[in-house]
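Structural description and commentary
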Amino acid sequence: MVVVGTREHGRSRRRQLRVDDFEYFKGEWLESGQGPGLSPTAFLVEQGPRSVLPTHFHRENEYQVVVQGGGKFGAHPVHAVTVHYAGAYTGYGPIVAGDDGLMYFTIRAVFEQGAVFLPSGREQMVRGPKRQLHSKSFFPKRAEELAALSQTSVRELFEPQADGIAATVIALPPDGQALAPPPSGGAGQFLMVLAGSLLQDTHRLTEWEMIFVSPEEPAHTLRAGPAGAEVLSLKLACKAREYLTSLDITQQESPS
C-alpha cells in the first residue's frame, strides 16, 4: 500500500472543532479509511495563541511533527521542526501553544477517533509499556542549501529501535534520487516533505505533503524535483502485545 497526502486534500477537509473549552482547527491531509487494521492517517492541528490541550493518551502509536509556531509538549519546548513520538496508552501533554500559536501534524498507521483525557480517564488506561521520544528542534533547509547539495545526506533523529521506531531526515540534491529506509519491521512509514519537492507518480509533493508506505512494500524510491528535497522519514512500531486484546474505549474527537 502506498498512499499520498496533499495540501489540497487538507484544505478541503479543514474544519473548526471544540472539545470542552478547547477550540482548534483540524485538517485531514492523508486518509485511507477507518478500519481497525492498517488505515494510515495524518492531520494538521492548528492551536491558537496560548491555547492549552490537556494531558491525554491514545490507544494507537503516533507521531506529532511541529511545523509552525512554538510552545511546549509537557516540559519540552518545541518549534518548527520538532518530532514527538508517543506509544499507545502513554500519557503526554499538556500541549501549550506559544504567543504565535502552534501547528503540528498527528500521524498514525491505524485510524483512531479521539483521546482520553487525564486524570479523569485514568481508569481507562491499560497496563503495558509506555513510550515517548522527543527530537531536538531544527530548521528545514533553505532553498539555497538544497541547491548547493551535490549528493544525498542522511541524519538520524531517532536511531532505529528494536520495535521499528525510527525518524530520519534525508536531503536530496536537485533532481536527485535515493532509496528511503525500508518500511519493514514495524507498522509502516511516512515520508513527509520538509523543503523542496518530491515527484511521486503524477504528483509533485511540496512542503508538508507526504507518502505512506506499508511495511510489506520495498524501500521507496525518493525522486527530488529541480530544487532538491528534504524529507522526513517516520517509521511506526506495531502496537505492543499487551494492548492487542484490550477493549476499545469510549473517546472524544480530539486534535492529537
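Scope of this entry: the structure provided in the associated data block.

Rules of the game
Residues numbered from 1 in each chain as written. Predicted model: local features only at pLDDT ≥ 70, side-chain atom pairs only at ≥ 80, totals over all residues. Heavy atoms only, no water. Helix = DSSP H or I, 4+ residues; strand = E, 2+ residues; numbered from the N terminus. Polar contact = N/O pair within 3.5 Å; in protein donor to acceptor, adjacent residues only side chain to side chain. Contact = heavy atoms within 4.5 Å. Buried < 20%, exposed > 50% of the residue type's maximum accessible area, 1.4 Å probe, protein only. Pairing = 2+ DSSP bridges. Phe/Tyr/Trp six-rings, centres within 6.5 Å; stacked < 30°, edge-to-face > 60°. Lys NZ or Arg CZ within 6 Å of the ring centre and 35° of its normal.

1. Some words on the side chain of threonine 106
For threonine 106, the position within the fold is in strand E10 (residues 95-108). For threonine 106, the side chain forms a polar contact with the side chain of glutamine 64, separated by 3.4 Å.

2. Section: unusual backbone geometry
Omega for the bond connecting alanine 80 with valine 81 falls within 30 degrees of zero, at 5°, which places this linkage in the cis form. Within the secondary structure, valine 81 sits in the loop between strand E8 (76-79) and strand E9 (82-86). Of note, the amide linkage connecting leucine 118 to proline 119 takes the cis form, showing an omega dihedral of 5°. Summarising the element assignment, proline 119 is placed in the loop between strand E11 (116-117) and strand E12 (132-134).

3. Some points on the side chain of serine 233
Among the structural elements, serine 233 can be located in strand E19 (residues 221-236). Leaving out residues up to four positions away in the same chain, serine 233 has contacts with Ala166, Ala167, Thr168, Ile170, Pro181, Gln189, Phe190 and Leu191.

4. Some points on the pairing of E9
Extensive coverage of E9 is indicated by the burial of five of its five residues. Here E9 shows two buried faces, one formed by Thr82, His84 and Ala86 and the other by Val83 and Tyr85. Bridge analysis of strand E7 (residues 62-73) against E9 gives five bridges, and the strand direction is antiparallel. Directly across from glutamine 64, in E9, lies its bridge partner histidine 84. As defined by bridge partners, E9 adjoins E12 across three bridges and the pair is classed as antiparallel. Across the sheet, the residue bridging to alanine 86 is glutamine 132, located in E12.

5. So, the packing of aromatic side chains
For the structure on display, the rule yields nine aromatic pairs. With centroids separated by 5.0 Å and ring planes inclined at 70°, the aromatic side chains of tyrosine 63 and tyrosine 85 adopt a geometry described as edge-to-face. A residue pair is termed long-range when its members are at least 10 positions apart, and tyrosine 63 in strand E7 and tyrosine 85 in strand E9 qualify at 22 residues. Clustering of aromatic rings is evident, with ring pairs tying together Trp29, Phe105 and Trp208. In this arrangement the basic side chain of arginine 14 is found over the ring face of phenylalanine 25, its NZ or CZ atom lying 3.9 Å from the centre.

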